[in-house]
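Summary of structural features
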Amino acid sequence: MNRKTFTLTTLLALSGAASAQTVLNVSTWLPPTHGASMAQVQWCEAVEKETRGSVKCNHLPKAVSAPPGTFDAVRDGLADVSFTVDGYTPGRFVFTQLAEFPFLGDSSTATSVAYQRIYEKYFAPLGEHRGVKTLAVFTHGPGIIFTVKQPVTSAADAARLKFRIGGGNINELSRLMGWNTTLKPATDSFELLSTGVMDGTFFPDESLQSMKLSMVKHATTFPGGLYNTSFVFMMNPARYNALKPEERAAIDKVSGEAATRLFAAGWDRTDAASREIQKTTGVQRQMASEAFVNEVKAKQAQLEDKWVAAAEARGLKNARAVLAEFRAETQKLK
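Thresholds applied
Residues numbered from 1 in each chain as written. Predicted model: local features only at pLDDT ≥ 70, side-chain atom pairs only at ≥ 80, totals over all residues. Heavy atoms only, no water. Helix = DSSP H or I, 4+ residues; strand = E, 2+ residues; numbered from the N terminus. Rg over C-alpha atoms; globule rule 2.2 N^0.38 Å. Contact = heavy atoms within 4.5 Å. Areas by Shrake-Rupley, 256 points an atom, 1.4 Å probe, with all protein chains shown as cover. Core = buried A, V, L, I, M, F, W, Y, C linked by side-chain atoms within 4.5 Å. Buried < 20%, exposed > 50% of the residue type's maximum accessible area, 1.4 Å probe, protein only. Polar contact = N/O pair within 3.5 Å; in protein donor to acceptor, adjacent residues only side chain to side chain. 1 Å grid on protein atoms, 1.4 Å probe; cavity = no way out; pocket = protein on both sides within 12 Å on 5 of 7 lines; lining within 4 Å. Points joined across faces, edges and corners; volume = space filled by probe spheres on them. Nonpolar A, V, L, I, M, F, W, Y, C, P; charged D, E, K, R; others polar. Expected span 1.5 Å × (residues − 1). Axes fitted to C-alpha atoms, helices over the stretch in contact; angles between N-to-C directions. Parallel < 35°, antiparallel > 145°, perpendicular 65-115°, else oblique. Left-handed = near helix turned anticlockwise from the far one by under 90°.

1. Remarks on the overall build of the protein
Looking only at helices and strands, one finds 13 helices and 11 strands in the protein. Taken over C-alpha atoms, the radius of gyration comes to 22 Å for the protein, in line with the 20 Å a tight globule of 334 residues would show. Excluding contacts between residues fewer than 6 apart, the proportion of contacts in the protein whose partners are at least 24 apart in sequence is 78%. Accessible surface, the protein: about 14700 Å² in total, of which carbon and sulfur atoms supply 55%.

Quick look at the structure:
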């Protein structure tokens, strides 16, 4: 083979390798510096490494949809990969509500990993997120009541204020508690609080920084959190199925619990950083009283009965035992 032929052959080989590369369009509706967005980037890096560069990610500069439409956007192929909050589309998902109950755990890692294990064992076989390829599930850190002007020391205090919430179990719990809450995406929080339309919001710690909520001055915490929010990290199924078997195997390897731990670790890290910042910005924190906690528990018991009935109606056998198993798993992971 002469030098000219060798060069041409080499160029054709390189061209073939380049054309064989798959690029996944990845969308996030949270700021690029948010822990969840950064975890998604880490996952992409792991995919590229495991596939030896045959699958890469293109991080889109703008979300392909408002947060509530993200599930359908991935299902329909507007993005190949993204994550969303299950509760942003009320009534669509039932099993996921298990991860949103109060008093589950004091870290995203404990709750998220337990949730992922229960999801794989019980929920995935029943098609809870049918329409997408579920890569992982996770929760944020413990949910807190944040307010702008006055502290919330009781259920009665909360009933006198207006709150933004993200949906899911906390939406139903708030209704039972008699609280005035409005379902809005996290990204609307700054405008709602800065204009006084809302008096407060229910969020994990990190959101004070990621959503730039410097106007918040009071926080009421609960043992194990007042609530959690369940997320699904997902991929367009046609895009996944079009990959080579070894590429799908690589994606599977870095998904599931491995991906869950990426998202959870990011949330725990940013929650901890936010708590340190709150010390310097004058946020007054207090733990909910035993009486306050007991009021919430009484109402939540009704919702758990409702969830058991709804989950079993969708095919989950012995849902109450599954809930008990989930709680036991979170305790082991503390």
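Read on, since the account is not over.
2. Re the nonpolar core
One finds Trp-43 and Phe-233 to be the most contacted residues of the largest nonpolar core, which totals 43 residues. For this core, the element with the highest residue contribution is helix 2 (residues 35-50), accounting for five residues. Membership of the second largest hydrophobic core comes to 21 residues, among which are Met-177, Trp-179, Ala-288 and Val-293.

3. Regarding the side chain of Ser-255
Mapped onto the fold, Ser-255 is located in the loop between helix 10 (245-254) and helix 11 (257-281). In terms of polar contacts, Ser-255 uses its side chain to reach the backbone carbonyl oxygen of Ile-251, at 2.7 Å.

4. Notes on the layout of surface pockets
Gaps left between atoms are located by rolling a probe of water-molecule size over the structure's atoms. Its volume calculated, the largest pocket comes out at about 200 Å³. Lining the largest pocket are 14 residues; nearest its centre among them are Thr-28, Leu-30, Pro-32, Ser-37 and Leu-60. Tallying contributions element by element places helix 2 first for the lining of the largest pocket, with three residues. Among the residues forming the lining of the largest pocket, the class breakdown is eight nonpolar, five polar and one charged. Size it by volume and the second largest pocket reaches roughly 170 Å³. When contributions to the lining of the second largest pocket are tallied by element, the ones reaching two or more residues are helix 4 (108-123) and strand 4 (133-139). Considering each element in turn, the lining of the second largest pocket owes the most residues, four residues, to strand 4. Grouping the constituent residues of the lining of the second largest pocket by class yields four nonpolar, four polar and three charged.

5. Focus: helix 2
Compared with an ideal rise of 1.5 Å per residue, which puts 16 residues at 22 Å, helix 2 spans 22 Å between its outermost C-alpha atoms and is within 8% of the ideal. Within helix 2 the residues assigned to the buried category are Gly-35, Ala-36, Ser-37, Ala-39, Gln-40, Trp-43, Cys-44 and Val-47. A positive backbone phi angle near 55° is found at Arg-52, which sits one or two residues after helix 2.

6. Here we look at the packing of helix 2 against helix 10
Helix-helix packing is described using two parameters, namely the angle between the two axes and the distance between the axes. The interhelical angle for the contact between helix 2 and helix 10, taken along N-to-C directions, is 140°, at an axis separation of 9 Å. When the interaxial angle is binned, helix 2 and helix 10 end up oblique. Classified by chirality, the crossing of helix 10 by helix 2 is right-handed. In this structure, helix 2 uses Trp-43, Ala-46, Val-47 and Glu-50 to contact helix 10, whose residues at the interface are Ala-250, Ile-251, Lys-253 and Val-254.

7. Observations regarding the packing of helix 2 against helix 11
Helix 11 packs onto helix 2 with a crossing angle of 145° between their chain directions and a minimal axis gap of 8 Å. In this structure, helix 2 crosses over helix 11, and the sense of that crossing is right-handed. Of the residues in helix 11, those touching helix 2 at Ala-36, Ala-39, Gln-40, Gln-42 and Trp-43 are Ala-259, Leu-262, Phe-263 and Trp-267. Here the residues of the contact of helix 2 with helix 11 sort into seven nonpolar, two polar and no charged.

8. A short note on empty space enclosed by the protein
Considering all chains together, one arrives at two cavities of 30 Å³ or more under this definition. Roughly 140 Å³ of volume is contained in the largest cavity. Looking at the largest cavity, it is lined by 19 residues, and the ones nearest its centre are Tyr-88, His-140, Ala-186, Phe-203 and Phe-231. Its residues placed into classes, the lining of the largest cavity shows 12 nonpolar, five polar and two charged. Put simply, the second largest cavity is a space of about 30 Å³. Considering the residues around the second largest cavity, the lining is formed by Pro-67, Pro-68, Phe-71, Thr-84, Val-85, Asp-86, Tyr-88, Thr-89 and Phe-93. Split into classes, the residues belonging to the lining of the second largest cavity amount to six nonpolar, two polar and one charged.

Functional significance is not addressed by these values, which are geometric in nature.
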